[in-house]
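Observations on the model geometry
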Amino acid sequence: MCVLAVSAVAKVASADDQSPIIWGGVAAGLIILSLFLIPWPFIRVGIAWILAFAAMFTYKVVANR
């Protein structure tokens, strides 16, 4: 599930002309961080996945100003 979340973020970043390596790393970092902070097994991956997409969206909005 973690690999699918990281690859999904990287694929979206690639389609949006951003660096898939950087955004995949951000997603992986958030997933690893969530392993230590969130006790629910599958929900923590979903939360990290949503946070990675929110960060990508926020970066895109700020960069286009």
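Note that residues are indexed from 1 along each chain, following the sequence as it is written. Owing to the predicted nature of the model, reporting of local features is limited to residues with pLDDT of at least 70; listing and counting of side-chain atom pairs is limited to 80 or more, with chain, interface and lining totals taken over all residues. Remark: hydrogens and water are excluded; side-chain values derive from all non-hydrogen atoms of the structure.

Some details on the overall build of the protein chain
From N to C terminus, the protein chain includes three helices and zero strands. Counting from the N terminus, the helices are the DSSP runs of H or I reaching at least four residues and the strands are the DSSP runs of E reaching at least two. Starting at the N terminus and walking to the C terminus, you meet the elements of the protein chain as α-α-α. Radius of gyration: C-alpha atoms only; globule rule: 2.2 Å multiplied by the number of residues to the exponent 0.38. In terms of overall size, the protein chain behaves like a compact globule, its C-alpha atoms giving a radius of gyration of 12 Å where 65 residues would be expected to give roughly 11 Å. Along the first, second and third principal axes, the C-alpha atoms of the protein chain reach 35 × 20 × 15 Å. Working definition: with a 1.4 Å probe on protein chains only, accessible area under 20% of the residue-type maximum means buried, over 50% means exposed, and in between means partly exposed. For the protein chain, with 65 residues in total, the buried portion stands at 25%. Contacts spanning at least 24 positions in sequence make up 55% of the contacts within the protein chain whose residues lie at least 6 apart. Contact criterion: two residues are considered in contact whenever any of their non-hydrogen atoms come within 4.5 Å of each other.

Some thoughts on unusual backbone geometry
Its identity as a non-glycine residue notwithstanding, aspartate 17 has a phi of 60°, on the positive side. With a relative accessible area of 74%, aspartate 17 lands in the exposed category.

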